[in-house]
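# Coordinates in review
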Amino acid sequence: MEEMTVVTPTYNRKHTLPRVYESLLKQTSKSFVWMVVDDGSTDGTEELIRGYQQEDQITIEYIKKENGGKASALNVSLDYVKTPYCVCLDSDDTFSDTAIEMALKFLNEEDNNEECCGLIGLRHNPDGTIMGGKEIPHQYKYITIMDIYYNCNIRSEFIAFYKTKILNQYRFPSVPGEKFISPAWFHYTLSEKYKFRSVRDVYCYCEYICDGLTRNKRKVIVNNPVGYTLVKRFSLKYSIGFKEKVKNAIMYDCGCILSGDKHWLSNAPRKLVAVFCYPLGYGVYLKRFRKIKKDYRAGKYK
């Protein structure tokens, strides 16, 4: 029986999915299921994956849903995962050849540790260097997302392998009219109760594509202000130091302005700094986001 489910949410990524598939074929452990959650693709993704299923080289599950964004695709996947462990491998990422073998080794070691929800490590560039150039310090055998962000001052991308029984307690919030909320929401939420086992080997190579979410960050924020603000509320809550608190208060306030949140102050975890930074948040809104918002309303973006 397979021990790991590799979930790949995808939308019109037929051109990148072969890289994902090839990296999975090379895995030194085949104790996994590849679950492709197709978020309403129209580019022939289904035919591609059906072809891979016919090859019968690895176990593949294909789920087709209406377009609703990555978070909704991950929520759907959790209704189908049957293995003890799971991981999200994006449609523009690849695994190192030993990723699943190494992850299962550490996950099995932590299986009876009720305080540990899984593994977390940094993603790597295609050339093997660490994204952001800064490693998790070795004194952190177990770590939270707050430790990573604020004690270690690391802001690069992560790869996380989860215990399914813990992950199944949660779902991304559903926001009408929005299709994206950062995976950081899940990491913050889990970290309020659990810790991750930190790992430092090369597990995942990340290569951003031009039309990906990260490259279009400001547009994503404008289209998903509530989801953005939910994450920034966590950032403000757990910030360490005056500079970090001010920075996150500004962006929390900006998100509230974008979303029209009338309860921004009552929802703010640090009310005094949120009030102090509100004029700055409004300034950021005017400078970075107002024109994009107007352009969307005028139909300049599809």
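Quick caveat, the model's predicted, so the values are computed rather than measured.

## Section: the pattern of salt bridges
Proximity of charged atoms lets side chains of opposite charge pair with each other. Using the criterion set out here, one finds twelve salt bridges in the structure. It is possible to trace a salt-bridge network through shared partners that takes in Lys-70, Asp-90, Asp-93 and Arg-123.

## Some thoughts on the pairing of strand β6 (residues 116-122)
Remark: a regular strand shows side chains that alternate across the two faces of the sheet. Burial analysis of β6 places seven of its seven residues in the buried class, which makes it a mostly covered element. As defined by bridge partners, β6 adjoins strand β9 (residues 195-198) across four bridges and the pair is classed as parallel. The residue of β9 that forms the bridge with Cys-116 is Lys-195. Relative to strand β8 (residues 158-163), β6 runs antiparallel, the two being bridged by five bridges. Opposite Gly-118, over in β8, you have Tyr-162 as the bridge partner.

## Here we look at the side chain of Ser-23
Structurally, Ser-23 can be placed in helix α1 (residues 17-25). Overall, Ser-23 belongs to the buried group, its relative accessible area being 6%. A polar contact of 2.9 Å, which involves the side chain of Ser-23, links it to the backbone oxygen of Val-20. Those residues within four positions of Ser-23 in sequence are excluded, and the remaining contacts are Thr-94 and Phe-95.

## A short note on the packing of α1 against helix α2 (residues 45-55)
Between two packed helices, the angle of one axis relative to the other and the distance separating the axes together describe the packing. Packing of α1 against α2 leaves a shortest axis separation of 11 Å and a crossing angle of 20 degrees. Relative to α2, the element α1 is oriented roughly parallel. By crossing handedness, the relation of α1 to α2 is classed as right-handed. Facing Leu-17, Pro-18 and Tyr-21 of α1, the residues of α2 in contact are Thr-45, Leu-48, Ile-49, Tyr-52 and Glu-55. Split by residue class, the contact of α1 with α2 holds six nonpolar, one polar and one charged.

## Regarding unusual backbone geometry
One non-glycine residue, Asp-56, lies in positive phi territory at about 60 degrees. Locating Asp-56 in the fold gives a position in the loop between α2 and β3 (59-65).

## A word on the layout of surface pockets
The computed volume of the second largest pocket comes to approximately 170 Å³. The wall of the second largest pocket is formed by 14 residues, among which Gly-68, Pro-173, Ser-174, Val-175 and Glu-178 lie closest to the centre. In terms of residues, the lining of the second largest pocket owes the most to one element, helix α3 (residues 70-78), which gives three residues. In terms of residue class, the lining of the second largest pocket is built from six nonpolar, six polar and two charged.

## Considering the sheet that holds strand β7 (residues 142-143)
With respect to topology, eight strands assemble into an open sheet ordered β3-β2-β1-β4-β8-β6-β9-β7, the strand pairing being mixed. Both outer strands of the open sheet, β3 and β7, are each paired with one neighbouring strand and no more. Contacting β1 (4-10), β2 (32-39) and β3, α1 crosses the sheet at an angle of about 170 degrees to β2. Seen against the sheet, helix α7 (residues 184-191) touches β6, β8 and β9 and runs at an angle of roughly 50 degrees to β8.

## Concerning the packing of α7 against helix α9 (residues 225-238)
For the pair α7 and α9, the least separation of the axes is 9 Å and the interaxial angle reads 45 degrees. Taken together, the axes of α7 and α9 are oblique relative to one another. In the packing of α7 onto α9, the handedness of the crossing is left-handed. Here α7 contributes Ala-184, Trp-185, Tyr-188 and Thr-189 to the contact with α9, which in turn contributes Leu-230, Val-231, Phe-234, Ser-235 and Tyr-238.

## So, the environment of Lys-245
With respect to the secondary-structure elements, Lys-245 resides in helix α10 (residues 242-259). Judged by relative accessible area, Lys-245 falls into the partly exposed class, the value being 26%. Sequence separation between Lys-245 and Lys-141 is 104 residues, and the spatial gap between their C-alpha atoms is 27 Å. Leave out the neighbours within four places in its chain, and Lys-245 touches Leu-236, Ser-239, Arg-270 and Val-273.

## A closer look at the pairing of β8
Among the six residues in β8, six count as buried, and that is most of the element. What you see with β8 is no split at all: Phe-158, Ala-160 and Tyr-162 on one side and Ile-159, Phe-161 and Lys-163 on the other are buried throughout. Note that strand β4 (residues 85-88) and β8 share three bridges and pair antiparallel. Its bridge partner lying in β8, Cys-86 is registered against Tyr-162.

## Examining α10
Here α10 is 18 residues long and its end C-alpha atoms lie 26 Å apart, about the 26 Å a rise of 1.5 Å per residue gives. Most of α10 sits out of view: 13 of its 18 residues are buried.

Thresholds, definitions, all that
- Numbers given to residues run from 1 along each chain, matching the order in which its sequence is written.
- Where local features are concerned, this predicted model is filtered to residues with pLDDT of at least 70; where side-chain atom pairs are given and counted, the filter is 80 or more; whole-chain, interface and lining totals use all residues.
- Side-chain measures were taken over the full set of non-hydrogen atoms in the model, leaving aside hydrogen atoms and water.
- In what follows, salt bridge is the name for a side-chain nitrogen of Lys or Arg lying within 4 Å of a carboxyl oxygen of Asp or Glu.
- Under the scheme applied here, a residue whose accessible area is under 20% of the maximum for its type counts as buried, over 50% as exposed, and between as partly exposed, the area being computed with a 1.4 Å probe on protein chains only.
- Here a helix means four or more residues in a row that DSSP labels H or I, a strand means two or more in a row labelled E, and each is numbered from the N terminus.
- By this definition, two strands are paired if DSSP reports at least two bridges between them.
- Each polar contact in these results corresponds to two N or O atoms within 3.5 Å; when the atoms are within protein, one needs to be able to donate a hydrogen and the other to accept it, and residues that are neighboring in sequence are counted only if both atoms are side-chain atoms.
- Contacts are residue-level and defined by heavy atoms, with any inter-residue pair within 4.5 Å sufficient.
- Only the stretch in contact is used when fitting a helix axis, every axis being a line fitted to C-alpha atoms; angles between N-to-C directions are given from 0 to 180 degrees.
- When an angle is under 35 degrees it counts as roughly parallel; over 145 it counts as roughly antiparallel; between 65 and 115 it counts as roughly perpendicular; any other value is oblique.
- Less than a right angle of anticlockwise turn of the near helix away from the far helix marks a crossing as left-handed, whereas a clockwise turn marks it as right-handed.
- When residue character is reported, Ala, Val, Leu, Ile, Met, Phe, Trp, Tyr, Cys and Pro are called nonpolar, Asp, Glu, Lys and Arg charged, and the others, Gly included, polar.
- Method remark: on a 1 Å grid restricted to protein atoms, a set of points is classed as a cavity if a 1.4 Å probe fits but cannot get out and as a pocket if it is open with protein on both sides within 12 Å along at least five of seven lines; lining residues have an atom within 4 Å of a point.
- Grid points are joined across faces, edges and corners, and a volume is the space filled by probe spheres set on the points.
- The span one expects for a helix is its residue count, reduced by one, times 1.5 Å.

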